[in-house]
Amino acid sequence: MKASDTKATLSFSNGGDSVELPIYKGTVGPDVIDIRKLYAQTGMFTYDPGFMSTAACQSAITYIDGDKGELLYRGYPIEQLATNCDFLETCHLLLYGELPDQGKKTNFTKLVTNHTMVNEQMQFFLRGFRRDAHPMAIMTGLVGALSAFYHDSTDINNPEHREIAAIRLIAKMPTLVAMAYKYTIGQPYMYPKNDLSYAGNFLHMMFATPCEEYKVNPVLERALDRIFILHADHEQNASTSTVRLCGSSGTNPFAAIAAGVACLWGPAHGGANEAALNMLYDIQKEGGVEKIGEFIKKVKDKNSNVKLMGFGHRVYKNYDPRAKLMQETCNEVLTELGLENDPLFKLAKELEKIALEDEYFVSRKLYPNVDFYSGIVQRAIGIPVPLFTAIFALARTVGWIAQLNEMIGDPEYKIGRPRQLFEGSPKRDVQPIGKR
Ligand code: ACO
């Protein structure tokens, strides 16, 4: 961390001693005020629920400029990565800091591919779930269960263990998501086919059956690969922070990633693509494009609790750059499948147009996020709606593990332990039951 010449001074209106606080500069982005000694110096905590102004760690992986609508993985703009690289190159970049050359790419691809199978015993574990279980409920269980299968990569303090756990997680997530899907529809699991690409293999495990040959459609393969790239990391979002906090206790890496999966499930985070598509279905059922006005009215009514899902972002106060790329992919996939006139896509475009012109959304800087279009793409590919968030989890796994490994390697890392402003009862005595 680079200290700034400027210092912050915290003074108190009651005349108490003021405190000088160091300021650090990142390579880009806002400086941070170091408050680590504040409690020792003043006996006070800072109060920041939701981390609106708090940097919880230092990181060199992903940078977002929310006002510009810019997203960089290790310095590379997401647009360039999504156009020029594939997902495994992006994984290499996030994990090791650099894009691979051809030799490194071949080796890395081989390494990941060698780990795509899961322990056969996982099938029996899966059988314990109801067939109608939500895929994210299954994924939380399956990813956590990996910690019980791979005993040689569970020591978070051992760099070799961390590396092999990272490779295993990236390699096995597609297999687990596809197994969760096949289980819910009662079809046989398809083993990974290692001559296919990462995304191609996932399509094969999802949609092939043992009865006939399955041919991977290159347009859908590329679309899925792009979905994976766009979701691969997003700096200190809720699930990544969950993984860091969980991992900060020194827990098993698979358990820490399972915590990330659980956090991602929520509709304010990874569950938004599922919620966005369900919202479109609902508007469609009510009467489609004609009903947009009525729906927008409900969204603007604070008492309705209705949100325009797939819109708004804690960090982006401009168009989410991933949403632009996803809209492009959406057009490609729908054209490939002859679905250009898909009513849901038309509805989404119209809804976006109306919202972008509406004062409510304009004044609050609410723009479409990546989830607004990713649901339509996934649905067109044939992925069932409840599986959308599991696909997000598959893609985000590399980000989670890269961030977890970065944290463990950081000499400043400590177990995460937030403090609180206590508003409950002060000390009191327990009364006998008849007197309470
Ligand atoms: N629809 C309608 N109003 C919205 C929306 C929305 N989608 N998002 C924010 N607002 C309004 C809020 O009501 C609030 O209005 P107010 O100032 O009049 O009270 C204002 O915009 C600011 O919103 P906050 O909730 O303070 O913003 P915050 O940063 O806390 O929330 C969040 C961000 C959770 C993403 C929110 O925009 C949301 O719920 N969006 C819908 C869900 C969604 O798409 N999530 C995906 C996030 S991206 C991802 O995980 C990949």
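Please refer to the structure placed before this passage.
The structure contained in this document is the topic of the report that follows. (Residues numbered from 1 in each chain as written. Predicted model: local features only at pLDDT ≥ 70, side-chain atom pairs only at ≥ 80, totals over all residues. Heavy atoms only, no water.)

Turning our eyes to something else, we now look at the overall build of the protein. Within the protein one finds 18 helices and six strands. Since a compact globule built from 436 residues should have a radius of gyration of about 22 Å, the 24 Å found for the protein is in line with a globular shape. Dimensions of the protein along its principal axes, counting C-alpha atoms only, are 80 × 65 × 55 Å. Across the 436 residues of the protein, 46% fall into the buried class. When contacts within the protein are restricted to residue pairs at least 6 apart in sequence, those whose partners lie at least 24 apart make up 69%. Summed over its atoms, the accessible surface of the protein is roughly 22100 Å², and 52% of this surface lies on carbon and sulfur atoms. If you average the places of the 47 positive and of the 50 negative side-chain charges in the protein, the two averages end up 6 Å apart. (Helix = DSSP H or I, 4+ residues; strand = E, 2+ residues; numbered from the N terminus. Rg over C-alpha atoms; globule rule 2.2 N^0.38 Å. Buried < 20%, exposed > 50% of the residue type's maximum accessible area, 1.4 Å probe, protein only. Contact = heavy atoms within 4.5 Å. Areas by Shrake-Rupley, 256 points an atom, 1.4 Å probe, with all protein chains shown as cover. Lys, Arg positive; Asp, Glu negative; His and termini not counted. Charge placed at Lys NZ, Arg CZ, Asp CG, Glu CD.)

Here helix α4 (residues 102-113) contains twelve residues, and its C-alpha end-to-end distance of 16 Å stays within 8% of the 16 Å for a straight helix at 1.5 Å per residue. Those residues of α4 not exposed but buried are Phe-108, Val-112 and Thr-113. Viewed end-on, α4 has its buried residues packed into an arc of 130°, placing them on one side of the element. Along α4, the residues that are exposed and aim more than 90 degrees away from the buried face are Asn-107 and Lys-110. Contact partners of the buried residues in α4: α3 (87-96), α7 (159-185) and α8 (198-207). (Expected span 1.5 Å × (residues − 1). Arc of directions from axis to C-beta.)

Moving on to the side chain of Asp-233. Relative to the helices and strands, Asp-233 is located in the loop between α9 (218-230) and α10 (238-247). Look at Asp-233: it is buried, it has no salt bridge, and the nearest opposite charge is Arg-396 at 4.9 Å. (Salt bridge = Lys/Arg side-chain N within 4 Å of Asp/Glu carboxyl O.)

Sheet strands associate in pairs through backbone hydrogen bonding, adopting either a parallel or an antiparallel arrangement. In spatial order, the strands read β4-β5-β6; together these three strands make up an open sheet with antiparallel pairing. If you trace the sheet from one side to the other, it starts and ends with β4 (62-65) and β6 (76-77), each paired once. In this sheet, β6 lies alongside strand β5 (residues 70-73) in antiparallel orientation, the contact comprising two bridges. Residue pairing in the sheet places Tyr-73 in a bridge with Tyr-76 of β6. (Pairing = 2+ DSSP bridges.)

It is worth spelling out the sheet that holds strand β1 (residues 2-10) at this point. Strand order in this open sheet of three strands is β1-β2-β3, and the pairing throughout is antiparallel. Strands with a single pairing partner mark the edges of an open sheet, and in this sheet they are β1 and β3 (32-33). Note: β1 against strand β2 (residues 19-25), six bridges, orientation antiparallel. For Leu-10, the partnering residue across the bridge sits in β2 and is Val-19.

Take the nonpolar core next. Counting 118 residues, the largest nonpolar core has Phe-228 and Leu-351 as its most contacted members. Ignoring anything within four residues of it in the chain, the contact list for Phe-228 reads Phe-87, Tyr-198, Ala-199, Phe-202, Ile-391, Leu-394 and Ala-395. (Core = buried A, V, L, I, M, F, W, Y, C linked by side-chain atoms within 4.5 Å.)

Pairing analysis gives four bridges linking β4 to β5, with the strands arranged antiparallel. Along β5, the bridge assignment pairs Asp-65 with Glu-70. Taken together, β4 and the strand that follows it, β5, pair antiparallel across an intervening segment of four residues, in which Gly-69 is found at a positive phi of about 75°.

The next point concerns unusual backbone geometry. Located in the positive-phi region is Phe-51, a residue other than glycine, with phi close to 55°. Tracing the chain through its elements places Phe-51 in the loop between α1 (38-42) and β4. On the basis of relative accessibility, which here comes to 51%, the residue Phe-51 falls in the exposed class. For Arg-74, which is not glycine, the phi torsion reads 50° and is therefore positive. Tracing the chain through its elements places Arg-74 in the loop between β5 and β6. By relative accessible area, Arg-74 is classed as partly exposed at 23%.

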